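Geometric and topological summary
Take a look at the letters that make up each chain.
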Amino acid sequence: MKKRKRTNITLVVILMVIFPLVHPFLISMVYANTNYTLILERGTQILEVKKYDEATWINTVNITSTPSDWFGGDADKVGAKSKSTLLTYYYEALYATFLFFNLVIPQNSLLMFSNISNYGYNHTYITRNYPSFYRVWYYEYNYWNFTINEFDITPDELYSESYIFQDPEDFLLLLNDYNDFAGKLNNDTNLQLFNYSFPLLNGDDLAWQFFIRRISIANPKSDYLTTFINTIGCKNTTNQGNTLVLQRNGEKNYTVEVKYGIQGLIDHIIIKDAEGYVFYEITSFYPKMIVYAILGIMPFFIIGLIVVIIIKKYKQQRYFNLTK
């Protein structure tokens, strides 16, 4: 009896040790009931502006805008960095169509929505009229805007939230619901008195919002992006493997290439003109990966050091024997 009790206690102790290690994988296995799996990990990602040719930006994109209008902070300065730290474990959740406040509506239109709730267009209205639900992975993170200075202790955005659709085909339903809602707003005579106009979006517009809000993706990344752009009917957006390619037109034609890294996060952005000249670039790195790289190199360094010491001692011993 005592032996069985000791065995049970040992089993509990082993489970207590192992569970924290495998818990992230268990979550992914339990909730990833589509063809896609989540690949996010807790940790920090740092983005850095590597190149900015202001003259070419003005002549190609827009004379009145800068990268800061897209990415915020000091994104118009070479060397500026931003930081995001994943806080909570991701989990599956069901969210109603008001997700288009977070994922679809152009950011320059969001301010108008704060003024229309007095006319009945609030979250209750949206949930009642657009009762669709979506399977998403939800996660929270802290975010520091692009800056050329050291990061403050307090994030610029505390406990921000984002979502990853488990099925990218659901974006079409979200897009259609938003366009229906925007059409009703544009036809409301009360709102017309304020000259409010809410844009109707096509697939390329949604792909742009997808990028500008830095929405993450699931694995396999290439399949996810292909399904996403094909489903919403993009004409000027394609993908090359895990890279989203957006053809844009400003003062001139230009291309935005958005590469998604091993965790499904955006980790490389380049913007180039029609001739292929890169006039803006953002790269990234993960501090944790640097630590892993150092830890990976250390055993080889130690082995090499031991070999050098052994060879040195062998030569010294040989010299001593010859001069004896």
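Scroll up a little and you will see the structure.
Anyway, here's the lowdown on the structure attached to this text.

Rules used in this analysis
Residues numbered from 1 in each chain as written. Predicted model: local features only at pLDDT ≥ 70, side-chain atom pairs only at ≥ 80, totals over all residues. Heavy atoms only, no water. Helix = DSSP H or I, 4+ residues; strand = E, 2+ residues; numbered from the N terminus. Buried < 20%, exposed > 50% of the residue type's maximum accessible area, 1.4 Å probe, protein only. Contact = heavy atoms within 4.5 Å. 1 Å grid on protein atoms, 1.4 Å probe; cavity = no way out; pocket = protein on both sides within 12 Å on 5 of 7 lines; lining within 4 Å. Points joined across faces, edges and corners; volume = space filled by probe spheres on them. Phe/Tyr/Trp six-rings, centres within 6.5 Å; stacked < 30°, edge-to-face > 60°. Lys NZ or Arg CZ within 6 Å of the ring centre and 35° of its normal. Polar contact = N/O pair within 3.5 Å; in protein donor to acceptor, adjacent residues only side chain to side chain. Core = buried A, V, L, I, M, F, W, Y, C linked by side-chain atoms within 4.5 Å. Salt bridge = Lys/Arg side-chain N within 4 Å of Asp/Glu carboxyl O. Pairing = 2+ DSSP bridges.

1. Quick look at the overall build of the chain
The number of helices and strands found in the chain is 11 helices and 10 strands. A buried classification covers 42% of the 324 residues belonging to the chain. Put simply, 70% of the contacts in the chain that link residues at least 6 apart link residues at least 24 apart.

2. Some points on the layout of surface pockets
If a probe as big as a water molecule is rolled over the atoms, it shows which places are left empty. The calculated volume of the largest pocket comes to roughly 870 Å³. Taken together, 38 residues make up the lining of the largest pocket; nearest its centre are Tyr141, Tyr143, Glu157, Arg213 and Arg214. For the lining of the largest pocket, the secondary structure elements donating two or more residues are strand E1 (43–52), helix H3 (67–71), strand E2 (81–86), helix H4 (100–103), strand E4 (133–147) and strand E5 (157–165). When residues of the lining of the largest pocket are assigned to their parent elements, the largest contribution, five residues, is made by E5. Here the second largest pocket is characterised by a volume of approximately 360 Å³. Val61, Ser65, Asp69, Trp70, Pro106, Gln107, Asn108, Trp208, Gln209, Ile212, Arg248 and Tyr254 are the residues that line the second largest pocket. Of all the secondary structure elements, the ones that give two or more residues to the lining of the second largest pocket are H3 and helix H9 (203–212). Per element, the largest residue contribution to the lining of the second largest pocket is three residues, and it comes from H9.

3. Regarding the packing of aromatic side chains
Within this structure, the stated rule accounts for 33 aromatic pairs. Ring centres of Phe100 and Phe181 lie 5.6 Å apart, and the angle between their planes is 25°; on these two criteria the pair is classed as stacked. With Phe100 in helix H4 and Phe181 in helix H7 (residues 170–186), this pair connects stretches of sequence that are 81 residues apart. A relative accessible area of 0% places Phe181 in the buried class. Ring centres of Tyr196 and Phe198 lie 6.2 Å apart, and the angle between their planes is 65°; on these two criteria the pair is classed as edge-to-face. The residues Tyr196 and Phe198 share a single accessibility class, namely buried. One Lys or Arg, Lys83, reaches over the ring of Trp144 and ends 4.2 Å from the middle of that ring.

4. Considering the environment of Ile164
Tracing the backbone through its elements, the reader meets Ile164 in strand E5. Residues Ile164 and Glu92, spaced 72 residues apart in sequence, show a C-alpha to C-alpha distance of 9.4 Å. Apart from residues lying up to four places away in sequence, Ile164 is in contact with Leu38, Leu40, Arg135, Val136, Trp137, Tyr139, Ser216, Ile217, Ala218 and Tyr224.

5. A word on the side chain of Thr97
Looking at the secondary structure, you find Thr97 in the loop between strand E3 (91–96) and H4. Among the polar contacts made by the side chain of Thr97, one reaches the side chain of Asp177 at a distance of 3.4 Å. Once you skip the residues sitting within four places of it in the chain, Thr97 turns out to touch Ile126, Tyr130, Ser132, Tyr134, Leu174 and Asp177.

6. Notes on the nonpolar core
One finds Trp70, Phe181, Phe211, Val256 and Tyr280 to be the most contacted residues of the largest nonpolar core, which totals 80 residues. Examining the composition of this core, we find that eight residues originate from one element, E4, more than from any other. In this structure, Phe211 is in contact with Phe71, Leu246, Val256, Val258, Ile266 and Ile269, ignoring residues within four places of it in sequence.

7. Topic: the side chain of Thr237
Its location among the elements puts Thr237 in strand E6 (residues 237–240). Taking the relative accessible area as the measure of exposure, Thr237 reaches 5% and is therefore buried. A distance of 2.8 Å separates a polar atom in the side chain of Thr237 from a polar atom in the side chain of Asp204. When neighbours within four sequence positions are excluded, Thr237 is seen to be in contact with Asp204, Ala207, Ile229, Leu244, Val245 and Leu246.

8. Description of the pattern of salt bridges
Taken as a whole and assessed by the stated rule, the structure comprises six salt bridges. When the shortest N-O distance is used, the salt bridge between Glu48 and Lys50 registers 3.8 Å. Among the residues examined, Glu48 registers a relative accessible area of 15% and is labelled buried. Close ionic contact of Lys184 with Asp180 constitutes a salt bridge, the shortest N to O distance being 3.5 Å. Pair noted here: Lys184 and Asp180 are both in helix H7, with a separation of four residues, about one helical turn. On the accessibility criterion, Asp180 (37% relative accessible area) is partly exposed. Put simply, Asp74, Asp76 and Lys77 are held in one network by salt bridges that share partners.

9. Observations regarding helix H10 (residues 221–231)
Along H10, the positions that sit buried rather than exposed are Lys221, Tyr224, Leu225, Thr227, Phe228 and Ile229. Phi for Gly233, located one or two positions after H10, is positive at around 75°.

10. Looking at the pairing of strand E8 (residues 253–260)
Across the eight residues that make up E8, a large majority, six, are buried. In this sheet, E8 lies alongside strand E7 (residues 243–249) in antiparallel orientation, the contact comprising seven bridges. Considered in E8, the bridge of Val245 is made with Glu257. Turn length for the E7-E8 hairpin, with the two strands adjacent in sequence and antiparallel, is three residues. Pairing of E8 with strand E9 (residues 266–273) involves seven bridges; the strand directions are antiparallel. Residue pairing across strands places Tyr254 opposite Asp273, the latter belonging to E9. Linking E8 to E9, which pair antiparallel, is a turn of five residues; within it Gly264 sits at a positive phi near 80°.

So far we have only geometry, and geometry alone does not tell us how the molecule works.
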